[in-house]
Structures are given as structure tokens and as C-alpha cells.
Protein chains: 2
Amino acid sequence: MTSVMASDNQLTAIAAQTREAAQSLAGLSSEAKNRAIEAVALALEAAAADITAANEADLETALAENLAKPLYGRLKLDAVKLRGAIAGVRDVAKLPDPVGDVQIHRELDEGLVLKRVACPLGVLGVIFESRPDAVMQISSLAVKSGNGVILKGGKEAVRSCQALVKAIRQGLENAGVDPNAVQLLTTREETRALLGLEGYVDLIIPRGSNAFVRFVQENTRIPVLGHADGICHLYVDQAAEIEKTTQIARDAKVGYPSACNAIETLLVHRAIAAEFLPALAPALPDVELRGDRQARQVLPDIQAATEEDWSTEYSDLILAIRVVDSLAAAVAHINTYGSRHTDAIATEDLAAAEQFMAQVDAAGVYHNCSTRFADGFRYGFGAEVGISTQKMPPRGPVGLEGLVTYKYQLVGNGHVVATYSGENAKAFTHRDLG
Amino acid sequence: MTSVMASDNQLTAIAAQTREAAQSLAGLSSEAKNRAIEAVALALEAAAADITAANEADLETALAENLAKPLYGRLKLDAVKLRGAIAGVRDVAKLPDPVGDVQIHRELDEGLVLKRVACPLGVLGVIFESRPDAVMQISSLAVKSGNGVILKGGKEAVRSCQALVKAIRQGLENAGVDPNAVQLLTTREETRALLGLEGYVDLIIPRGSNAFVRFVQENTRIPVLGHADGICHLYVDQAAEIEKTTQIARDAKVGYPSACNAIETLLVHRAIAAEFLPALAPALPDVELRGDRQARQVLPDIQAATEEDWSTEYSDLILAIRVVDSLAAAVAHINTYGSRHTDAIATEDLAAAEQFMAQVDAAGVYHNCSTRFADGFRYGFGAEVGISTQKMPPRGPVGLEGLVTYKYQLVGNGHVVATYSGENAKAFTHRDLG
């Protein structure tokens, strides 16, 4: 474990150690990995006093340095929160093993059999701000998926992270697993170096503000699982049911406005605007509404929205409202200003819903429900590693599946391609098995 | 269609047109897409004389400009080759539709149903050197997968590509499909601009030399499907069967030495080197062998291999040979110098084979067969879009599956997340359907 800044060379050495430890982790059975996770949970329980003491020291420093209040709240890890996090570690052991799943099983020819098998990615690089409890969740997900992990916590949480990682490594060791599978970096300079470790680190998972995620995306050639923006929309179609739609809008805006799956813009068909908007406004008493010209004709007291509003993630109790002429205009608006996260239509017209869900280019396209369902736990994945707004899979909320890849295993008995080419070429059988 | 260089603004406009055309393509049924592909085949047949005449003009220029012989061969598109390529277009129509596949179908709660559905990526950017026949294959794969495509062909094939794309667009129009789904760029400057079209182009597929693919990978933030290097290995274990292994080595080296799935390095266990290498050498009469010290003790007449040989893709009749002390040493060599493409073990020892296939970090890990099976057609995918050596899926030979992504569709009836949180939280059912 590194507690002072590692030089680039030291960092490469740490990464190589992690890779080696990950290779032996990759070879473990589901049972052995679950035993290791239980050993980690036990070691965390044994170290609970040390961990909460370390956290108190971090909190004192944070107070002295006037850390922003929400960050301070997330930094806090008392005995109750720790117990909850350790229960979360044990929950990970109960999840199905994502490794070893046979995705393709095909005879290419007699005695020549192809399998596509899920396998770990190798080494994860996880960079997070504040929240020391992320250390426990991520380490257990890494062990479960057979990956090594290099953690980079925030400076403000350094003592907490060190105490947690010390316990986690002790737990791994108790279970006979190479503790180098879990490593901790603690300085800001190391973030930059970690982002440059192509060839050693297979996936970067950033956890923090939008600006932070964007910084990570723009400064690495390693694949990044995450999203910078969450600009989600609710489109109120002309065939929307007013009361139902109002409830959805309320849930999607005020339940947790800083969530990435909260809505920022409400689009409303002009045929229903005069009826819907006056019903909506009283349901959102604490929300600042900003409307385009047509919305303000219906609700004259609200602020004017500008072009900038359409591409702003407020993460706050603010909602932009735009009146559109058609479903097609709503789709065009979303595909122009949206962040491809999650967008919903409220309508009783099935054909309109289907058109919306087909044409909106987003990880999640919803009909008559709140955008806030976009979440790995709510989808039933048992865990959420991140939410991706990229086009390529994994897309949307990503569970353990996002921490594995696959390899093709081909087993023959002296088979050569010359047999299957040229004049007397033998034909492949290409017969799917099992 | 652009025949002169497009400015960045023009290129953005072209990309926006392609995106719009792709959106309507994405909404077509399998039957409609297959009809469009048949219309493309018919239009290509109708334009056959124009296409071969354009190709002859390209060939004349190539001759006058002393184009390298292999490039000249690949540039050639005579009536026979064209007929074959048109048959290939019709084969694409026969493939299963990769769009619409329901990958997850799950009730989250009563009346709240989640589906994960395969959908097109959007717009593909395909950059290739020489080979005008690639235009036909890629355009038909794009239509089949519901994607628009911006093609950038080599300067030497400009007339051929223009004639081909003209016919393809005519075919699309005949079938009532927006011809802007297929676009052609022709100048080198446009390659650079195309690589910068993040937000308009969803996937770049480069087809050309290793250096060219590396250039593409290093100059875009758009995901790239391809591989720069193919440094494949055959490891001859101490329990290898000599004759079988010799046949595999021969097939993997001499069948098509410039293929990315040909072997560059042969690793041999020291316990079998003295027996195996003298059997191998006469089976590879035209191959230049380069050995390490121990290999040259057995075959004193061969050249010495240097450190550089281990990381060189010869793409030629050259084979590097290294004697290793153990299976673990072979795995370590491959994981250090390999390109994560395809690596094989020859052995009659099943446990050794399993260890090799688990520990070698490559898209393909083979036992007792030639590395040259690493190919989308041989795997039974019906098409090959590219071979990826990245860790994240799609990995290895990629068929039509690599041209689609997925989206989550969630349908409710006024469902909000507030119902499932807080004190009286309702539990999700998370019941998989159908």
C-alpha cells in the first residue's frame, strides 16, 4: 500500500503487481471468491474501531479546512454507516458469478469446438471523490468479478481509505488471496499517472462530479465507464393523461434533483400545453420553472428560458419547459440537447410511445414512468458499477456484467485451416451445441 | 455524394444528413432492409459496365504512378470479381437481423416492464485503403444493421468507389430508402476531419495496414473497431505431439503469412525442443527461422533472434523461436509481447491446455489447432466487420453484432420511484419474463 506519492515507475510496478494478483484471482472458483469476500467483511468488522477513528481524523481536518457541507456529509463513515457498508460487501458475495458464463458454444467441424466464455477484464482503475464507503463496495465487486483494482480516493478521505484498504488486504490475505489485488493511491498527481497506465489498467471508473468525469474522459486512452452529463427529458404528448403525468414529472424532478436520472427539461405538445402546464405548476411548488415564449403564454409568471437552458444539467430544483409542435420536434430536441441518458414520454397513445422509444437515441427510453428508474439496483442487477451514456455496450446502468469481457476458446485435434480452403475445401458444420 | 474535398462544415452537414437517413433506416423492418439490399444488388448489376470502366481508369492511373504490386492487385475489380462481390451483397440479406433482439425482458413490478433491445449504433465511419469491393460489403452490412455509413476510400480507387456508391445509392432510392444513408468521401484531408466527427459518427472501422490502423486509433475519440498488430504465438508444450504440432505450425505460418492471425513466434518447452525443432525445420523450408540461444543449440544454422523479434509482426515468411522453461514462462512471454489477438498451445496434457487458455490474455486462446481459425466466417458469424484486440467487447472476430448496441425500454402506467423508497417502500418483483 502506498501512502506517499508513487513515482511513475513505482506506479507501473504497483500496476504490474496488481495485474499478477488479478491473474491468480481470475483463476479462483466462485466459492473461493465468495470466501475471500466474507474474509474481507470479517476483517472490516475486526478493524471497525480503527476505521471509524481514521474517519474521525479525516472529518476533523475537513472541518478545519472548511470542506463544503455535502462533501463533508459524504465523507462521514460512522459505526452505523460502516455496518451497512459491510452488509453491502456480503450482498456482493450473493450475486451470481459473472465469470465463466458460456455465451457461444459451437462446433465448427467434427472435433473442433468454439466457446465464447466470460472472463475478467484484468485491472480496474477506480477514481472517486470523498465517499470512503465506495472503497468497500468497489473492492468486493472487483473480487467477485476476478479483477484487480487500483483505487484512488480523494485527499480529504486519505486516512479513512488507508484504514479500509488495510483491512480489506488483511481479509484477502486471511483467505489466501494475494492482497496486491487491491491497491490504494492517495495523491492527486497519481490520478494523472493512473490515467496513463494503458496496458496495465483495462477500465477506468470515475465517481464524482460531471466536471471530474469529463476530465477523466478527456485525459485517458483507457476505456472509461461513466457519464459526464445527465440531461434527461420528459415529453408530455398531446395524448398524455394529466394527473398521471404530473406525478411522473414531480417524481422525476423533486425526488432527488442532483441525481443524474432526474429531469432537467420538460417538453410539452402545444395541443395540451394550456391544459397541462397549469396543472403541473402547483405540483412543483419548490421548483423554479423556466419557459420558452409559448410556455410563458400559459404561465406568464415564470422566468424565460434561454438556449443555454436546453443543454444545462441543473442538478437542482430548476426545470426548463419548452412547447413543441409535434412528437417529431420533441425527438429532435432530445437528440440535439440530451445526453443520451434517459428520456421519457407520457402518453396514452401507444403508437406515439413506440415512435418515441424507437427514435430517441438514449440508453433509456421510457413510457409513462419516471426517469429515476434508471439505476442498476432498480433494474435488478444487484449492483451498479456505473451508468454509461456511450453508444457502445455496456450502455445505461451497468452491473457486474460491465466488469467482465470474454475470450474465444477453440479446441481441436490438429485442425488446420488449409482443410477448409482451396479446391477440395471441407465445409464447416457450424452447429450450435448445448 | 462528394467528389471534391468537403470543408469541415460541409462534412458536418453530410454527417447530419447521414444521421437523419440512418434514423429512418433504423425504423425499417427486416424485410424492408432485405428488399433494399436486393435493390442495391440489382443496381450494381445494372451499373456493372460503368463500374468496371471506372476501375480500369483507376488501374491505368495506378500503373502510370507505379502503385505497389499488392495494392494494384487489390485495386483490381473486373467483371468476375464484381459478380462475386454482388453475390456477397445478397448473402448479407440472408443473415439474421441483428436489430430488435430482446436481450433482457423483466418485470420490475406489476405493470412496469423493462426490455433491453438491440438497436443500430447510428452512423459508421469506414476508412479503407485500396480494395473498392469493400464498399459493397460494408454498405450492405450497414443497411442490414440499420446504420448509416460514411465511406472514405483510398485516392487510388476514387473512380471505382464513386461508380460503386452511385449505384448503391441508386439501389437504395429504388427501394424507397434515403440514399444519404451511404456517403463517400475521397480525399486524405477528409480522413482527419471524419475522425473528429464525435457526436455524428458512432464507430470508426479502419481497414488497412497496421500503421494506418494505429494512426486512426491515436487520432480519434470515437470508438475504433480494429487492431493494429497481430503478434500470435504457438506454444509447443512438453507434452505436444510432434507430427500434429508441426502441421499446426506450418498452417499457422505459411498458409497466408501476411494475415493478422498467422503466428510470428513459436515458443517451445525446453524438455521437447531437441526433439521438436529438428522435426519442425524441414516442414518450413521457405521460412527464415530466428532462434534464441537455446534454439540455436538445437538448430545451429539459424539466425539469432534479438529482443526486437519478440515484438515484431513480420507479415512474412519469418518465424522467431524461443525455448522456455515452463508453461508459466510461455504465458508470461505471450502476455508481455503478444498483441492479445490469438495464441495457441499444442499439448496432449489437458490440464496444461486449460491453464494456458485461462491465463493467456488474448481474444482467442486455442488448443491443438491453427491460429488462422480466428476469423468471423470460420466462427460462423456469416460476416466479419473486423477483428478487435481490445479488452472490452466486442473482442476478437466481430460479425454484425459489432454494428449494433442496445437501449433499455421501460414501460409503466404512472410508476414513480417514490413508491419503492422510504419507510413503506414497495419491493420490486424483478421477475424475468418470456
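Just so it is clear, the model here is predicted, and its values are computed rather than measured. (Residues numbered from 1 in each chain as written. Chains lettered and ligands numbered in written order. Predicted model: local features only at pLDDT ≥ 70, side-chain atom pairs only at ≥ 80, totals over all residues.)

Participant: Talk me through the interface of chain B and chain A; I want residue IDs and the actual numbers.
Facilitator: Between chain B and chain A, the residue contacts involve 54 residues of the former and 54 residues of the latter. At the level of secondary structure, the elements contributing two or more residues to the side of chain B that touches chain A comprise strand S1 (102–109), strand S2 (112–120), helix H10 (242–254), helix H14 (350–359), strand S13 (364–369) and strand S16 (404–415) of chain B. The greatest single-element share of the side of chain B that touches chain A, amounting to eleven residues, is contributed by S16 of chain B. Of the residues contributing to the side of chain B that touches chain A, the split by class is 25 nonpolar, 19 polar and ten charged. One ladder, built from five bridges, connects strand S13 (residues 364–369) of chain A with S16 of chain B; its direction is parallel. Paired with Cys369 of chain A across the strands is His415 of chain B, a residue of S16 of chain B. (Contact = placed C-beta atoms within 7 Å. Helix = DSSP H or I, 4+ residues; strand = E, 2+ residues; numbered from the N terminus. Nonpolar A, V, L, I, M, F, W, Y, C, P; charged D, E, K, R; others polar. Pairing = 2+ DSSP bridges.)

Participant: Give a detailed account of helix H11 (residues 270–280) of chain A, specifying residues and quantitative values.
Facilitator: Residues and elements named next belong to chain A. Of the positions making up H11, those classed as buried are Ile272, Ala273, Phe276, Leu277 and Leu280. The buried residues of H11 occupy an angular sector of 120 degrees when projected down its axis, which confines them to one face. In this structure, the buried residues of H11 make contact with strand S7 (232–236), helix H10 (242–254), strand S8 (263–269), helix H12 (293–298) and strand S11 (318–324). (Buried ≥ 20, exposed ≤ 12 C-beta atoms within 10 Å, placed from the backbone. Arc of directions from axis to C-beta.)

Participant: Outline the packing of helix H5 (residues 79–94) of chain B against helix H6 (residues 133–144) of chain B, supporting the account with residue identities and numerical values.
Facilitator: Residues and elements named next belong to chain B. At a closest axis distance of 9 Å, the pairing of H5 and H6 adopts a crossing angle of 10 degrees. In terms of orientation, H5 and H6 fall into the roughly parallel class. Where H5 abuts H6, its residues Lys81, Ala85, Gly88, Val89 and Val92 lie against Asp133, Met136, Gln137, Ser140, Leu141 and Lys144. Counted by class, the contact of H5 with H6 contains five nonpolar, three polar and three charged residues. (Axes fitted to C-alpha atoms, helices over the stretch in contact; angles between N-to-C directions. Parallel < 35°, antiparallel > 145°, perpendicular 65-115°, else oblique.)

Participant: Tell me what's going on with the relation of the copies chain B and chain A, and back it up with residues and numbers.
Facilitator: Expressed as a screw operation, the relation of chain B to chain A combines 0.0 Å of axial shift with a rotation of 180 degrees, fitting to an RMSD of 0.0 Å. The operation mapping one copy onto its partner corresponds to a two-fold rotation axis. For chain B, the residue whose C-alpha comes nearest the rotation axis is Pro393 of chain B, separated from it by 3.8 Å. (Least-squares fit on C-alpha atoms with pLDDT ≥ 70 in both.)

Participant: Lay out the sheet that holds S13 of chain B with the relevant residues and their values.
Facilitator: Strand order in the open sheet made by the eleven strands is S17(A)-S1(A)-S2(A)-S16(A)-S13(B)-S12(B)-S7(B)-S8(B)-S11(B)-S9(B)-S10(B), with mixed pairing throughout. The open sheet has two free edges, formed respectively by strand S17 (431–432) of chain A together with strand S10 (303–304) of chain B, since each of these has just one partner strand. In this sheet, strand S11 (residues 318–324) of chain B lies alongside strand S8 (residues 263–269) of chain B in parallel orientation, the contact comprising five bridges. The partner of Val268 of chain B across the bridge, within S11 of chain B, is Val323 of chain B. Where helix H13 (residues 327–337) of chain B meets the sheet, it contacts strand S7 (232–236), S8, S11 and strand S12 (342–346) of chain B, and its direction lies at approximately 140 degrees from that of S11 of chain B.

Participant: For the sheet that holds strand S6 (residues 203–207) of chain A, give the residues involved together with the corresponding values.
Facilitator: Within a beta sheet, neighbouring strands are joined by backbone hydrogen bonds and run either parallel or antiparallel to one another. Residue and element names in this part refer to chain A. One open sheet holds the four strands; their spatial order is S5-S4-S3-S6, and the pairing between them is parallel. The two strands at the open ends of the sheet, each matched to only one other strand, are strand S5 (182–185) and S6. Averaged over all pairs of adjacent strands, the angle between strand axes in this sheet comes to 20 degrees, irrespective of strand direction. With five bridges connecting them, strand S3 (residues 123–128) and strand S4 (residues 148–152) associate as parallel partners. Its bridge partner lying in S4, Ile127 is registered against Lys152. Along the sheet face, helix H8 (residues 188–195) touches S3, S4, S5 and S6 and points at about 140 degrees away from the line of S4.

Participant: Break down the pairing of S11 of chain A for me, citing the residues and quoting the values.
Facilitator: All names here are of chain A. The buried fraction of S11 is high, at six of seven residues. In terms of strand pairing, strand S9 (residues 288–291) meets S11 through four bridges, oriented parallel. Opposite Leu289, over in S11, you have Leu319 as the bridge partner.

Participant: Can you explain the pairing of strand S12 (residues 342–346) of chain A? Please cite residues and give values.
Facilitator: Residues and elements named next belong to chain A. The buried fraction of S12 amounts to five of the five residues, a majority that puts the element mostly inside the structure. In S12, alternate side chains face the same way, and those of Thr342, Ala344 and Ala346 on one face and Asp343 and Ile345 on the other are all buried. As paired strands, S7 and S12 are joined by four bridges and run parallel to one another. Within the sheet, the bridge partner assigned to Leu234 lies in S12 and is Ala344. Relative to S13, S12 runs parallel, the two sharing four bridges.

Participant: Before we move on, can you summarise the domain arrangement of chain A with the specific residues and values?
Facilitator: Here chain A is partitioned into domain 1 (8–218) and domain 2 (232–373). On a C-alpha basis, the centres of domain 1 of chain A and domain 2 of chain A stand 37 Å from each other. (Domains from an automatic or database assignment.)

Participant: Break down the environment of Arg106 of chain A for me, with residues and values.
Facilitator: Structurally, the position occupied by Arg106 of chain A is in strand S1 (residues 102–109). Judged by the 19 C-beta atoms lying within 10 Å of it, Arg106 of chain A falls in the partly exposed class. Residues Arg106 of chain A and Ser209 of chain A, 103 residues apart in the sequence, show an inter-C-alpha distance of 45 Å. Beyond its immediate chain neighbours, meaning those up to four positions away, Arg106 of chain A contacts Leu114, His430, Arg431, Asp432 and Leu433 of chain A together with Gly380 of chain B.

Participant: If you had to explain unusual backbone geometry to someone new, which residues and values would you point to?
Facilitator: Following Pro393 of chain A, the chain continues to Pro394 of chain A via a peptide bond in cis, the omega torsion being -5 degrees. Structurally, Pro394 of chain A can be placed in the loop between strand S14 (386–388) and strand S15 (396–398). One non-glycine residue, Asn368 of chain A, lies in positive phi territory at about 55 degrees. One non-glycine residue, Asn66 of chain B, adopts positive backbone phi at about 55 degrees. For Asn66 of chain B, the position within the fold is in the loop between helix H3 (48–64) and helix H4 (69–75).

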